[in-house]
Amino acid sequence: MDYKTVLTTCAYCGCGCGLCLEVLDGRLIGTLPSKTNPINEGKLCVKGWNIHEFVQHPDRITKPLIRKNGALVEASWDEALDFTVSRLKEIKEDHGSDSIAFLASAKVTNEENYLIMKFARAAVGTNNVDHCARL
Amino acid sequence: MYDAIKDRVTELLSTGEIKGFLALKSENGHIIPHLYVSPEEIDQLSIGDGGTEGDGRYPLAKILTMLLKNHAGERFGILVRGCDQRALKALAAWNQIDLERVVPIGVSCTEERATACACALPYPDEWLEGEQVAPEDPRPVEWEEKGPPQRLELWRAEFEKCIKCYGCRNICPMCFCKECSLESADVVTKGEIPPDLPMFHLVRALHMIGRCVDCGLCEEACPANIPLRALYKKVNDIVETRFQFRSGIDQKEQSPLHKIVEPPAAI
Ligand code: SF4
Ligand code: SF4
Ligand code: SF4
């Protein structure tokens, strides 16, 4: 028998609320707000309260998918990345750098957001960088 | 610290009298709920001292209800303050838990905590840590002093701040329904904030009759700082005056509303 709570940070937005994920016998079963976190002081919004739900959800996408003949088909990471690179190159060539935009995310780290910004500006050559909340 | 509790838990775990002890744990400067299953880890025990004593409180009675349901037949120890024990008794009266399978280990709250909680009963039946303190009058008098029209206006302004996070319900040890009225489209319009005024808050207040043990966890969890406690205290007050019924204290039945009796004198 094993019940523990794992202290972590909410992945939904940039606020950074502290929460405890409840784990019972190896399964994620619930979320509690961290009472001692100075950001949220024991409070959460409706998304934070339910954040455990997506982790083990059967609908969660865990592998890359590529649309082929109108249907989404599972692909390897290599295939997915090669496909993305070749399409980005084509689009840039045909329509120019500013026909491409990058949406960063509150769900990732500052460093990863920095990287996507750098990739947009230095590799692709566009200033079209925005936040996923403005999608 | 808390040697009396640690010794008792070590004994209970070593003899196999309990399968686990549900309490709190200090980890990286934070306080989190934890189920202790072996005496070796008991050194990490916390009774919930965050910034001020007892402010790292979690809905332990609610977690225990889940543990008891998932591990049929096992017995568990649990760290209890006055409110946790009231919740356990009320949960037993509502047939949610079997007290035979629960070994409470008590903590009596400090005066500071009792005042912060506006608590009328800041100690469990028995305790191994702390002293019994006499609480100040815990009634929300500031609301009583105002006339009904002003009260209505103030409550409306409070309820309008609600972001419908459901935190008050999620954290409440006494909210155990499989289907919640607050998620029913007949009661609360989907996808709208603030929720229907004052239905959302009054439905919850009415559903707490015979249940609310006045622990204050809901108000602590409310991101909108709505004084939910004042509302539920008022409901509890009416139930006590009219029906001589207080949840979690020698509670033998679920709710006074479950009985068919002569109605009480008009309020
Ligand atoms: S509600 Fe009462 S018993 Fe519970 S922590 Fe507060 S003072 Fe203690
Ligand atoms: S005070 Fe709030 S959280 Fe505690 S039992 Fe009453 S309604 Fe539930
Ligand atoms: S905790 Fe506060 S904001 Fe959240 S649903 Fe309850 S009353 Fe509304």
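Residues numbered from 1 in each chain as written. Chains lettered and ligands numbered in written order. Predicted model: local features only at pLDDT ≥ 70, side-chain atom pairs only at ≥ 80, totals over all residues. Heavy atoms only, no water.

### Notes on the overall build of chain B
Regarding its fold elements, chain B presents 10 helices and 5 strands. Taken over the C-alpha atoms alone, chain B extends approximately 60 × 40 × 40 Å along its principal axes. Across the 267 residues that make up chain B, the buried fraction comes to 51%. Across chain B, every contact between residues at least 6 apart in sequence was considered, and the portion connecting residues at least 24 apart equals 64%. Of the roughly 13000 Å² of accessible surface on chain B, 51% is carried by carbon and sulfur atoms. Of the side-chain charges in chain B, 31 are positive and 42 negative, and the distance between the mean point of each set is 6 Å. (Helix = DSSP H or I, 4+ residues; strand = E, 2+ residues; numbered from the N terminus. Buried < 20%, exposed > 50% of the residue type's maximum accessible area, 1.4 Å probe, protein only. Contact = heavy atoms within 4.5 Å. Areas by Shrake-Rupley, 256 points an atom, 1.4 Å probe, with all protein chains shown as cover. Lys, Arg positive; Asp, Glu negative; His and termini not counted. Charge placed at Lys NZ, Arg CZ, Asp CG, Glu CD.)

### A word on the overall build of chain A
Regarding its fold elements, chain A presents 4 helices and 7 strands. Counting from the amino terminus, chain A carries its helices and strands in the arrangement β-β-β-α-α-β-β-α-β-α-β. Here the C-alpha radius of gyration of chain A, 19 Å, is well above what a compact globule of 135 residues would show, namely 14 Å. Projected onto its principal axes, the C-alpha coordinates of chain A cover approximately 55 × 35 × 20 Å. When burial is assessed residue by residue, chain A has 31% of its 135 residues classed as buried. (Rg over C-alpha atoms; globule rule 2.2 N^0.38 Å.)

### Some details on the interface of chain A and chain B
Taken together, the contact pairs 24 residues of chain A with 37 residues of chain B. Here chain A and chain B share an interface that buries about 2200 Å² over both sides, 67% of which is from carbon and sulfur atoms. Looking at the side of chain A facing chain B, the largest losses of area belong to Met1(A), Tyr3(A) and Lys35(A), adding up to 34% of the total buried there. The tally of links from chain A across to chain B stands at 1 salt bridge. Between Lys35(A) and Glu220(B) there is a salt bridge; the shortest N-O distance is 2.8 Å. At the junction of chain A with chain B, the criterion picks out 9 residue pairs in polar contact (both at pLDDT 80 or more). Residue assignment for the side of chain A that touches chain B shows that the elements contributing at least two residues are β1 (3-9), β2 (18-24), β3 (27-33) and α1 (46-49) of chain A. Among the elements that line the side of chain A that touches chain B, the one with the most residues is β1(A), at 4 residues. Here the side of chain A that touches chain B is composed, by residue class, of 13 nonpolar, 5 polar and 6 charged. (Buried area = accessible area lost by both parts, 1.4 Å probe. Salt bridge = Lys/Arg side-chain N within 4 Å of Asp/Glu carboxyl O. Polar contact = N/O pair within 3.5 Å; in protein donor to acceptor, adjacent residues only side chain to side chain. Nonpolar A, V, L, I, M, F, W, Y, C, P; charged D, E, K, R; others polar.)

### Looking at the site of ligand 2
By nearness alone, every residue bordering ligand 2 is listed as Cys172(B), Pro173(B), Arg204(B), Met208(B), Cys212(B), Val213(B), Asp214(B), Cys215(B), Gly216(B), Cys218(B) and Tyr232(B). Tallied by class, the residues present in the shell around ligand 2 amount to 8 nonpolar, 1 polar and 2 charged. (Near = heavy atom within 4 Å.)

### Observations concerning the domain arrangement of chain A
All names here are of chain A. What the domain assignment reports for chain A is domain 1 (3-55), domain 2 (61-95) and domain 3 (97-135). Using C-alpha coordinates to define each centre, domain 2 is positioned 18 Å away from domain 3. Across the boundary between the two partners, domain 2 contributes 4 residues, which contact 6 residues of domain 3. At the boundary of domain 2 with domain 3, total buried surface from both sides reaches about 440 Å², with 66% on carbon and sulfur atoms. Seen at the junction of domain 2 and domain 3, the total is 0 salt bridges. Linking domain 2 with domain 3 are 1 residue pair in polar contact (both at pLDDT 80 or more). (Domains from an automatic or database assignment.)

### Considerations on the site of ligand 1
Residues and elements named next belong to chain B. Lining the immediate surroundings of ligand 1 are Arg57, Arg81, Gly82, Cys83, Cys109, Arg113, Ala114, Cys117, Cys119, Leu121, Pro122 and Cys215. Secondary structure elements with two or more residues in the shell around ligand 1: α3 (82-93) and α4 (111-117). For the shell around ligand 1, the leading source of residues is α4, giving 3 residues. Counted by class, the shell around ligand 1 contains 8 nonpolar, 1 polar and 3 charged residues.

### Structural notes on a nonpolar patch on the surface
A grouping of Ile61(A), Leu65(A) and Leu72(A) is seen on the molecular surface, where their side chains present a nonpolar patch of about 290 Å² in accessible area. Secondary-structure assignment places Leu72(A) in strand β5 (residues 71-74). (Patch = residues over 30% accessible without salt bridge, like charges linked within 9 Å, V, L, I, M, F, W, Y side chains within 5 Å.)

### Digging into the side chain of Arg211(B)
Residue and element names in this part refer to chain B. Here arginine 211 shows up in the loop between α8 (199-207) and α9 (217-221). The buried charged residue arginine 211 lacks any salt bridge, with glutamate 179 as its nearest oppositely charged partner at 12 Å. A distance of 3.5 Å separates the side chain of arginine 211 from the backbone oxygen of histidine 207, its partner in a polar contact.

### Considerations on unusual backbone geometry
All names here are of chain B. Here isoleucine 193 and proline 194 are connected by a cis peptide whose omega angle stands at -10°. With respect to the helices and strands, the residue proline 194 is situated in the loop between α7 (167-171) and α8. Backbone torsion omega between leucine 197 and proline 198 reads -10°, so that peptide bond is classified as cis. Counting through the fold element by element, proline 198 comes out in the loop between α7 and α8. Phi is positive for lysine 164, close to 55°, though the residue is something other than glycine. For lysine 164, the position within the fold is in the loop between α6 (148-159) and α7.

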